Amino acid sequence: MEEQRRKSGRWGYIWPMWMTLLLHLLAIILFTTGFLLTRTELPYYSHCTDLSNSPCFPPSPNNNGSCWTKPSINRLVIIVLDALRFDFVAPSTFFAESKPWMDKLHVLNNMSSSRPSSARIFKAIADPPTTSLQRLKGLTTGGLPTFVDVGNSFGAPAIVEDNFINQLFQNGKKVVMMGDDTWTQLFPHHFERSYPYPSFNVKDLDTVDNGCIDHLFPSLYEDDWDVLIAHFLGVDHAGHIFGVDSTPMIEKLEQYNNHLERVIEVLENQSGPGGLHENTLLVVMGDHGQTLNGDHGGGSAEEVCVTNMVETAIFAMSFQEPLSSVPPDFDSCTCQTDLDGKNVCISSMQQLDFAVTMSALLGIPFPYGSIGRINPELYALGAGSWKFDASQKLPEVDIWMKNYANALCINTWQVKRYIDAYSASSAVGFSHDDLSRIASVYAQAEDHWLHSTKKLLLDRHNDSDVLVPELKRQIDAYFKFLTTVAELARSKWTEFDLKMMGTGIGIMLISLIFQLYAILRPTKQHDVNLSSSSGNSSIITSSIFTIFLLAIHSFSLLSNSYILEEGKVVNFLLSTSGIVALRQSVIKEKLLIESIGFLLLSTLCRFAIEVGLSKQAATSAFMKDYSSWIANIASDLLVWDYASKVIPMLVLILLAFWLYKATRCGFFDWPRKYVILGTILSYMLIIVHWITDSDGFGVALTAESIGRNYIPRIVYAIALGQLFLLSFGQLFKRNCLDCKTNLVAKTTAMLSAWSPTVILLSGKQGPMIAFASIVGGYCIMRLDNIEESNKNRPGRSFSIMQWSLFATCLFFCSGHWCAFDGLRYGAAFIGFEEFSLVRQAILLAIDTFGFSIILPVFGLPFLVVTKYQNNLGKHLLFTQLSQMYTTYGLITAVISTFTILCVTIHRRHLMVWGLFAPKFVFDVFQLILTDILICLASIYYFDQGDDDLELKSSDC
C-alpha cells in the first residue's frame, strides 16, 4: 500500500483533503438549505375589489381615490436617515446621561413640542437582522425579515411579494425616489423618477447626501408625484468609519438639522388652502439603529434590547390641524421637558406597522403579506382632513374612532386572510394549535363586530355614550388578534427543514470520521515511529490533552454567553497550553525563554482582545471600567499620538529587514528571491501610503489621491504577480534543494507574498499582529522540540492545536468577532472609491481572515520541518505534512460541527438570528475557506517525483 502511495505521486498525499472539502460543501449546503430558509413568499396581491369579501364597511363613494380606507392624506414625503439612532432624535433629558451626539436634530424636538397634536416623535422598534436590505423589505412589506437575506445586502434582489411601493404603483400613485440605490434594486420598475446613488462606499459621507439635496428641494415644488422618498446615508457611513462619538457624525447631524428645517419651511409655506402641500404628511425615519462603533446587524448589546429588537426613530408631522388629542386608551406617549423647558412627548411603535399605517392613510390596499397593525397615534395625524365630515352630530374624536375601528376591521381581516393562505400554501406553516388560537381570537373580534359594533354604526341615532364604549371594546379585540399573530410569527416564522438539517449534520459527522481515518492511516504504516515506548506515551498524552482543549472549546459554543466571550475562552485555552509547555520546559530544563515568552504573548493577546485594537475598543468593558488612565496618557502626552503612527512603520521596517536577510541565504533563488524582494518593496509602499494618508507628519510626499488609491493598487498588483510566480515558477525550474530546505523556502515565499495585502487591509495594527504571529509561531515550533525522543513521529496534535488556538486569538486580537457588525467594511475600499461586489468581497475576506486563516494555513509546514531529518526522504516528509494538514482541518471541522449543533438546538431561541446564525455563517465560511486553502497548499507544497531511495541524499 505504501508502494502504491509513492507511485500515485502527489495525489496519493492530497486526495483526503479534497475529499474532505467535497464532504463539507455537501454537508453545509444541505444544512443551510434546511436552516436558513426564508418564509414562503406568497404570489398574491391585494386589490381594491377584495374588500367586498370582508365584513367591514367600504369607503364612501364620495371619497375620490379611496379604495380600502378613507384617505387621510394626499401626499407623503418620506425622508430616511440611514442608521438613525433613537437618541439622535429624542431630547437628551430622556436619557440618564447626556452625550455629545444628542440634541443635534433640535428642529424635530421643536416641532413636536410646539405642535404636539400635529407632530410626534416615535421610538420605532425594528426586528433583527438590521441591515438596510432587511429593514427596507420589512418596512415596505409589513412582514418580518429573514436572516438569509443578509447575504443579499451587497446585491439586493427585487421584492416579488406584495408591498407598499407596489400598491402605490398599482393604484396610480406616482413615486419619486432619490438616494440609496438599494431602493431601485428592490423596486426596479415602480418609480416615476429615480435618482439612485451607490451606497456601499462607506468612506464617502457626502455623495449620496448631496445627490438627495440636489433633487429633494426642486421636487418639493413639483406636482407630478404623490409619494417622495429621499434616503440619506451620511450618518450610516460616518458611524462605520468614525463611530457615533466623533466630529464627522456630529457635523452630519447638524447638517441634517439644517436640511430638515428647510424641508419643513418649504412644506409649510405651501400648506395653505389650495396649496401644493395642503394635505401632505412628512415622515423622517431611520431604517435601523447603530452601535457606538457605527455598526448594525442585530447581534450587539447596544443594538439589541431585552426583546431582541433594535430601536430607531420616526418623526411624523401633518400640516393640517388634526385632532385636539388622541383618546388616552390609544396613546402610548411619555412626556418630559427638554433642555429648553418645553414639553416633548414620545410614543412607541413597531416598524412592522409602518406599511399598513401608510397604506391606510393613503387609502390604498394593504400589502397582502403584512402582519402589522395600523398605529393609532400615527393614523390620527391625518384626521385633520375629516373635520368637515358631513356627520357633525358626533365630536371629532368619535368620528376618528369610527374610522379607525373600521380601518382595524379591514386590517384584521387582511391579516387573517394572509395567515389562512400562508398555512395552506406553506409546507410547514403554523401548527394546528397556533391556527386554532388565531381562529378563536379572530372569531371573538368578528362576532363582536357583526352582532354589536356594526349594528351600532349603522344606526345614526346612537350618541357617544352608547357608541364609544363599544368602539373601544371592538378596537381592543382587534388589537388582541393582531398582537397574537405578530407574537406567533416572531416566534415561529422561519420554516426549518429538519430532515435537510439532519442530513447535513450526518454528513458532517461522516467527514469527521473520514478525517480521523486519514490521520491514523499513516501512523499504522510507519512502525518505526512508534517503536519507542516513551515516544508512544508522549503521543498519547499530547493527544489526550489536545482532545481536552478541543472539547472545551467546542462545548462552550453551545452557550450563547460563551459565544459572546469566545475570544476570552480561546485565549484561556491557549494560556493553559502555554502553562503545560512551561511545565515541560522546567522538567526538561530547556526552552524556558520560549515558554515564558509564549505565556507573555498570550497575556498580551488577552489584553488586545479585551481592549481591542480597533473599533471594538469603543464598547469594551475594560475601557469602560479603566478608561481614565488610558485617556489621560493619550491626552496628556503628545508622544503617544506620534508613537501610534511611527511604531507600526518601524515594525514593518523590521519585518522587511528580516526578509532581506533571508534573501542572503543560498536557497532563495529565482523566483522566490524576487518574490521576497517584491514583499520588501510592498512594505515600503505601505509606509508611504500611511504617511500620505496621515495629517500627523505635516508633509505630503505624494498627491493625496496617489497615496490613498494608487499605492494600495500597486501593492495588490505586486501580490498577484508574486502568487503567479510561485504558482507557475516551479513548473519551469528544476529544484535542486533537499526536501526540508525546499519546503522552508516555499513556505517563506508564500507567506511573504500574502503578508503585504493582509497588513495593508488590517491598518496600522497590521505590523504588530504580523510580528506577534511570527513570535507566536516561532515559540510553538520551538516548544514542539522539547521531546527529543521520537523526533519523526507522524502525529503532533498538541502543537497543531496550539497553532489553531493562536490563529483564532489573532482573529479576535485584530478587532473582529463573529457577527456582521464585526466586519470592517472600510477595509474593502482601501485603494478604491467605487463599489464592485466581487472585488470588495475578496478584500473584506482577506482583511477578516488574513491573520487567522490564510497565513496560518500556509505557515503550517514550519511545524513539520522543525522535527524532520533530511536523510529520511520525501515520502515521510509529505506523509507528515498531509497528516498535519488533515489534523488542522479536523480541528476546524469539529468546532464548526458544534456550531451547527448549537444553531440546531437553539433554532427557536430568542437570539437565533442575532447571535447563533451569524456565528454559524462565520464558522462555516471559515471551514470552507480553510479546506480550500489546505487543498491549494497541498498542490503548492507537494512536489511530484520519485521518493526515498533517490532522495536520501541532500540533493533532489
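Calculation notes
- Sequence positions are assigned chain by chain, starting from 1 and proceeding in written order.
- In keeping with the predicted nature of the model, local features appear solely for residues at pLDDT of at least 70, side-chain atom pairs appear and are counted solely at 80 or more, and the whole-chain, interface and lining totals rest on all residues.
- Remark: hydrogens and water are excluded; side-chain values derive from all non-hydrogen atoms of the structure.
- In DSSP terms, a helix is any run of H or I states spanning at least four residues, a strand is any run of E spanning at least two, and both are numbered starting from the N terminus.
- Contact definition: two residues touch when any of their heavy atoms are within 4.5 Å.
- Reported accessibility uses the Shrake-Rupley method at a 1.4 Å probe radius. Residues are deemed covered only where the shown protein chains occlude them.
- Just to be clear on terms, a salt bridge is a Lys or Arg side-chain nitrogen sitting within 4 Å of an Asp or Glu carboxyl oxygen.
- Here, a disulfide means two cysteine sulfur atoms that sit within 2.5 Å of each other.
- With a 1.4 Å probe rolled over the protein chains alone, any residue whose accessible area is under 20% of its type maximum counts as buried; one over 50% counts as exposed, and the rest are partly exposed.
- Here the aromatic set is Phe, Tyr and Trp, taking the six-membered ring for Trp, and pairing holds for ring centres within 6.5 Å; pairs whose planes are under 30 degrees apart are stacked, those over 60 apart are edge-to-face, and all others are tilted.
- Look at NZ for Lys and CZ for Arg. If either is within 6 Å of the ring centre and within 35 degrees of the ring normal, a charge sits over the ring.
- The span one expects for a helix is its residue count, reduced by one, times 1.5 Å.
- Nonpolar cores are built from buried Ala, Val, Leu, Ile, Met, Phe, Trp, Tyr and Cys residues. Side-chain atoms within 4.5 Å join them into one set.
- Any two strands with at least two DSSP-identified bridges between them are counted as paired.
- Lines fitted to the C-alpha atoms define the axes, with helices restricted to the stretch that makes contact. Angles between their N-to-C directions range from 0 to 180 degrees.
- Should an angle lie under 35 degrees it is considered roughly parallel, over 145 roughly antiparallel, and from 65 to 115 roughly perpendicular; all remaining angles are considered oblique.
- Side-chain classes are defined by residue name, with Ala, Val, Leu, Ile, Met, Phe, Trp, Tyr, Cys and Pro counting as nonpolar, Asp, Glu, Lys and Arg as charged, and the others, Gly among them, as polar.
- Note: crossing handedness is left-handed where the near helix turns anticlockwise from the far helix by less than a right angle, and right-handed where it turns clockwise.
- In this scheme, patches are assembled from residues that exceed 30% relative accessible area and form no salt bridge. Like charges are connected within 9 Å, while nonpolar side chains (Val, Leu, Ile, Met, Phe, Trp, Tyr) are connected within 5 Å.
- The angle separating two fitted axes, one through the seven residues that finish at a residue and one through the seven that start at it, defines the bend at that residue.

*Asks:* Would you mind going over the overall build of the chain in detail, with residue names and values included?
*Replies:* Across its full length, the chain holds 33 helices and nine strands. Considering only contacts within the chain whose residues lie at least 6 apart along the sequence, 79% involve residues at least 24 apart. Here the chain has roughly 37,400 Å² of accessible surface; of this, 61% comes from carbon and sulfur atoms.

*Asks:* Explain the pattern of salt bridges residue by residue, including any values.
*Replies:* Taken as a whole and assessed by the stated rule, the structure comprises 19 salt bridges. Of the charged contacts in the structure, one is a salt bridge between R824 and D847, with a shortest N-O distance of 2.7 Å. Taken as a pair, R824 in the loop between α28 (797-813) and α29 (837-859) and D847 in helix α29 lie far apart in primary sequence, 23 residues in all.

*Asks:* Give a detailed account of the state of the cysteines, specifying residues and quantitative values.
*Replies:* Summed over the entire model, instances satisfying the criterion amount to three disulfides. Across the disulfide, C335 is cross-linked to C345 (sulfur-sulfur distance 1.9 Å). In this structure, the disulfide formed by C335 and C345 twists by about 100° around the S-S bond and is classed as right-handed. Here C335 is found in strand β8 (residues 334-337), whereas its partner C345 is found in strand β9 (residues 343-350), with 10 residues between them in sequence. Accessibility expressed as a relative area gives 37% for C335, which makes it partly exposed. The exposure class assigned to C345 is buried, which follows from its relative accessible area of 14%. The connectivity of the disulfides in the chain is 1-3, 2-6, 4-5, where the numbers refer to bonded cysteines in sequence order. C813 provides the cysteine sulfur closest to C605, a residue in no disulfide bond, and the two sulfurs are 3.8 Å apart. Looking at the unpaired C809, the closest cysteine sulfur is the one in C605, lying at 5.4 Å.

*Asks:* Describe the packing of aromatic side chains, naming the residues involved and giving the relevant values.
*Replies:* Taken as a whole and judged by the stated rule, the model has 36 aromatic pairs. When the centroid spacing of 5.6 Å and the interplanar angle of 80° are considered together, the rings of Y13 and F878 count as edge-to-face. Taken together, the positions of Y13 in helix α2 (residues 10-35) and F878 in helix α31 (residues 873-905) put the pair 865 residues apart, joining distant regions of the chain. Judged by its relative accessible area of 4%, Y13 falls in the buried class. Geometry around W225 places R75 over its ring, the cationic atom sitting 3.7 Å from the centre.

*Asks:* Just give me the short version of helix α13 (residues 396-425), but keep the residues and values in it.
*Replies:* Look at α13: 43 Å from first C-alpha to last across 30 residues, which is about the 44 Å you get at 1.5 Å a residue. α13 sits mainly inside the fold: 24 of its 30 residues count as buried.

*Asks:* Run through the nonpolar core, naming residues and quoting values.
*Replies:* The nonpolar side chains of a soluble globular protein tend to be buried with one another. If you look at the biggest cluster of nonpolar residues, it comprises 146 residues, and the most contacted ones within it are F35, F858, Y885 and Y941. The element best represented in this core is helix α32 (residues 912-941), accounting for 17 residues. If you look at the next biggest cluster of nonpolar residues, it comprises 89 residues, including V227, L281, V326 and V468.

*Asks:* Tell me about the pairing of strand β6 (residues 280-285), residues and numbers included.
*Replies:* For β6, the tally of buried residues reaches six of six residues, placing the bulk of the element in the interior. Of the two faces of β6, both are covered, the one formed by T280, L282 and V284 as well as the one formed by L281, V283 and M285. Bridge count for strand β1 (residues 75-81) against β6 is six bridges, and the pairing is parallel. By the bridge assignment, I79 is partnered in β6 with V284.

*Asks:* Explain the packing of helix α4 (residues 106-114) against helix α10 (residues 247-269) to me, and be specific about the residues and the numbers.
*Replies:* One way to put it is that α4 packs onto α10 with a least axis distance of 8 Å and a crossing angle of 40°. Looking at the two axes, α4 sits oblique to α10. Along its contact with α4, which presents H106, V107, L108 and M111, the element α10 presents N257, L260, E261 and I264. By residue class, the composition of the contact of α4 with α10 is five nonpolar, two polar and one charged.

*Asks:* Explain unusual backbone geometry residue by residue, including any values.
*Replies:* The phi angle at E589 is positive, at roughly 55°, despite the residue not being glycine. Mapped onto the fold, E589 is located in the loop between α19 (566-588) and α20 (592-611). Of the residues examined, E589 reaches a relative accessible area of 69% and is grouped as exposed. The backbone phi angle of L591 is positive, close to 60°, even though this residue is not glycine. Positionally, L591 belongs in the loop between α19 and α20. Residue classification places L591 among the buried residues on the basis of a relative accessible area of 12%.

*Asks:* Any details on the packing of α28 against α29? Residues and values, ideally.
*Replies:* Closest axis-to-axis distance for the α28/α29 pair is 7 Å, and the angle between their directions is 155°. Looking at the two axes, α28 sits roughly antiparallel to α29. Here α28 and α29 pass one another in a crossing that is right-handed. In contact with W803, A807, L810 and F811 of α28, α29 contributes T848, F849, F851, S852, P856 and G859. Looking at the contact of α28 with α29 residue by residue, the class counts come to seven nonpolar, three polar and no charged.

*Asks:* Account for a nonpolar patch on the surface, naming residues and giving values.
*Replies:* A cluster of nonpolar side chains, L654, F657, W658, Y660, F771 and I774, forms an exposed patch at the surface whose accessible area comes to about 540 Å². Among the secondary structure elements, those contributing two or more residues to the nonpolar patch are α23 (638-663) and α27 (766-783). As for its placement among the helices and strands, W658 is situated in helix α23.

*Asks:* Report on the environment of I691, specifying residues and quantitative values.
*Replies:* With respect to the helices, strands and loops of the structure, I691 is situated in helix α24 (residues 672-692). For the pair I691 and M649, spaced 42 residues apart in sequence, the C-alpha separation works out to 9.3 Å.

*Asks:* So, helix α26 (residues 739-762): which residues are in play, and what are the values?
*Replies:* Its 24 residues place the ends of α26 34 Å apart at the C-alpha level, agreeing with the 34 Å of an ideal helix rising 1.5 Å per residue. Remark: the principal bend of α26, roughly 35°, maps to S755, with a proline, P756, within the next four residues. α26 sits mainly inside the fold: 22 of its 24 residues count as buried. Just past α26, the residue G763 takes up positive phi, approximately 80°.

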